[in-house]
Amino acid sequence: SDYSWVLGLRNSHDKTFPAGMVAGVQVFVCENLSFSGEVKLARRHTRFIMRDLPSLAHQAVCRIVEHWQKQDRRVEFYKNYFITDASAHDVVIRACDVGAITNRQIADVLHEWREPSHEDFAPRSAWSLFNAFTEALKGNLALLPERTTSLQGLFDSRFGVLQGRN
């Protein structure tokens, strides 16, 4: 109930760009051909596309399911990892260092951390800090996938998700 999975599809009637599918929490499909998500599948319109498509789709769905299960575990871990203000402030600066936010967004993230717009994010956990970031990042859809990917990498390394503590 805290987040949703999204699946994006695109194709080209004149075969000028590949048929594609993206999936994840942050999916972007735009008429300007921008196409991104955590899991991506693309296949050019060549002679054997109809033969290859079913197995490619199957592989992609398996990757998506695996990714979604991992993401579910990650969110649960974030929710149960409680942090102090000092730790949150350190993460905010490190987020600036990795390009997840700009210097100008520091105040917005800290405001959301200190006074969350949504009651569900009041507990002082990694999840509420992550949501403070995503609230502050709203607006620039073109940069959102890249920035949230950087942010997630920072959180995973900072809070030990990658070290098997999840």
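Before reading further, recall that the structure is shown in the block above.
Bear in mind the structure is a predicted one, so any value in this text is a computation, not a measurement. (Residues numbered from 1 in each chain as written. Predicted model: local features only at pLDDT ≥ 70, side-chain atom pairs only at ≥ 80, totals over all residues. Heavy atoms only, no water.)

**A short note on helix H2 (residues 85–97)**
Item 1. The first and last C-alpha atoms of H2 sit 19 Å apart over 13 residues, in line with the 18 Å expected at 1.5 Å per residue.
Item 2. Every buried residue of H2 is accounted for by Ser87, Ala88, Val91, Val92, Ala95 and Cys96.
Item 3. Considering only its buried residues, H2 is in contact with helix H3 (106–114), helix H4 (126–137) and helix H5 (144–158). (Helix = DSSP H or I, 4+ residues; strand = E, 2+ residues; numbered from the N terminus. Expected span 1.5 Å × (residues − 1). Buried < 20%, exposed > 50% of the residue type's maximum accessible area, 1.4 Å probe, protein only. Contact = heavy atoms within 4.5 Å.)

**Some words on the pairing of strand E5 (residues 39–43)**
Item 1. Side chains Val39, Leu41 and Arg43 project from E5 onto a buried face, and the interleaved Lys40 and Ala42 project onto a face without burial.
Item 2. Two elements, strand E2 (residues 19–24) and E5, share 5 bridges in a ladder whose sense is antiparallel. When the sheet's bridge partners are listed, Ala19 is paired in E5 with Arg43. (Pairing = 2+ DSSP bridges.)

**Describing the layout of surface pockets**
Item 1. In this structure, the second largest pocket occupies an estimated 180 Å³ of space.
Item 2. Breaking the lining of the second largest pocket down by element, the ones donating at least two residues are strand E1 (6–10), E2, E5 and helix H1 (49–79).
Item 3. By residue number, the principal contributor to the lining of the second largest pocket is H1, which donates 4 residues.
Item 4. Across the lining of the second largest pocket, the residue classes tally to 8 nonpolar, 3 polar and 2 charged. (1 Å grid on protein atoms, 1.4 Å probe; cavity = no way out; pocket = protein on both sides within 12 Å on 5 of 7 lines; lining within 4 Å. Points joined across faces, edges and corners; volume = space filled by probe spheres on them. Nonpolar A, V, L, I, M, F, W, Y, C, P; charged D, E, K, R; others polar.)

**Let's talk about the nonpolar core**
Item 1. If you look at the biggest cluster of nonpolar residues, it comprises 30 residues, and the most contacted ones within it are Tyr78, Val92, Ile101, Leu129, Phe133 and Phe155.
Item 2. Of all the secondary-structure elements, those providing two or more residues to this core are H1, H2, H3, H4 and H5.
Item 3. Sort the elements by how many residues they give to this core and H4 lands first, with 8 residues.
Item 4. Listed in part, the 6 residues of the second largest apolar core include Met21, Ala23, Val39 and Leu41. (Core = buried A, V, L, I, M, F, W, Y, C linked by side-chain atoms within 4.5 Å.)

**As for the environment of Glu38**
Item 1. Positionally, Glu38 belongs in the loop between strand E4 (35–36) and E5.
Item 2. Residue Glu38 is classed as partly exposed on the basis of its relative accessible area, which comes to 32%.
Item 3. Each C-alpha atom of the pair Glu38 and Ile64 lies 8.6 Å from the other, and the pair is 26 residues apart in sequence.

**As for the sheet that holds E2**
Item 1. Spatially, E1-E2-E5 is the arrangement adopted by the 3 strands of the open sheet, whose pairing is antiparallel. A strand with exactly one partner marks an edge of an open sheet, and here the two such strands are E1 and E5. Averaged over all neighbouring strand pairs, the angle between strand axes comes to 10°, with direction disregarded.
Item 2. Strands E1, E2 and E5 of the sheet are contacted by H1, whose axis makes an angle of about 175° with E5. (Axes fitted to C-alpha atoms, helices over the stretch in contact; angles between N-to-C directions.)

**Concerning the side chain of Asp52**
Item 1. Positionally, Asp52 belongs in helix H1.
Item 2. Overall, Asp52 belongs to the buried group, its relative accessible area being 19%.
Item 3. Reaching out from Asp52, the side chain makes a polar contact with the side chain of Arg51 at a distance of 2.7 Å. (Polar contact = N/O pair within 3.5 Å; in protein donor to acceptor, adjacent residues only side chain to side chain.)

**Topic: the environment of His45**
Item 1. Relative to the helices and strands, His45 resides in the loop between E5 and H1.
Item 2. A relative accessible area of 24% places His45 in the partly exposed class.
Item 3. Measuring from C-alpha to C-alpha, the distance between His45 and Ser12 comes to 9.0 Å, with 33 residues separating the pair along the chain.
Item 4. Excluding its chain neighbours within four sequence positions, the residues that come into contact with His45 are Asn11, Ser12, Lys15, Phe17, Pro18 and Ala19.

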